[in-house]
Amino acid sequence: GIAGKEMHWVVQKYMESPYLINGKKFDIRQWVLVTDWNPLSVWFYDESYLRFSMSDYSLKDLDNAFIHLCNNSIQKEGEDSEKIIK
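Residues numbered from 1 in each chain as written. Predicted model: local features only at pLDDT ≥ 70, side-chain atom pairs only at ≥ 80, totals over all residues. Heavy atoms only, no water.

K.L.:
Can you tell me about the overall build of the chain, naming the residues and giving the values?
P.N.:
Counting its regular elements, the chain contains two helices and three strands. When the helices and strands of the chain are listed from N to C terminus, the series reads β-β-β-α-α. Counting the 86 residues in the chain, one finds 16% classified as buried. Long-range contacts, defined as pairs at least 24 residues apart, comprise 32% of the intrachain contacts of the chain with a sequence gap of at least 6. Accessible surface, the chain as shown: approximately 7,800 Å² in total, 56% of it carbon and sulfur. (Helix = DSSP H or I, 4+ residues; strand = E, 2+ residues; numbered from the N terminus. Buried < 20%, exposed > 50% of the residue type's maximum accessible area, 1.4 Å probe, protein only. Contact = heavy atoms within 4.5 Å. Areas by Shrake-Rupley, 256 points an atom, 1.4 Å probe, with all protein chains shown as cover.)

K.L.:
Talk me through the side chain of Ser 53; I want residue IDs and the actual numbers.
P.N.:
For Ser 53, the location among the structural elements is in strand S3 (residues 40-56). Assessed through its relative accessible area of 2%, Ser 53 is described here as buried. For Ser 53, the side chain forms a polar contact with the main-chain oxygen of Ser 55, separated by 3.1 Å. (Polar contact = N/O pair within 3.5 Å; in protein donor to acceptor, adjacent residues only side chain to side chain.)

K.L.:
Lay out unusual backbone geometry with the relevant residues and their values.
P.N.:
The linkage connecting Asn 38 with the following residue, Pro 39, adopts the cis geometry, with an omega of 0°. Here the phi dihedral of Asn 22 falls at roughly 50°; this positive angle occurs in a residue that is not glycine. Within the secondary structure, Asn 22 is located in the loop between strand S1 (20-21) and strand S2 (24-37).

Shown next, in the form of structure tokens:
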């Protein structure tokens, strides 16, 4: 890093060959805080959660956000969203 400058990052990795649960793509949200690099000090938040897509995973329709993105704000707009929203 730059001496005397505080740095902040968000790190994520897109899985090209994702694991599926019942044919649906999902992601795991886990928060960590790195407080030092040497020695490496990492703090994990106690809770994490899974987010699922509403559509079966397929590479045939790469433009379909309901297949490829697990974002809650996108999934709530899908045809099947009333099945999970109460």
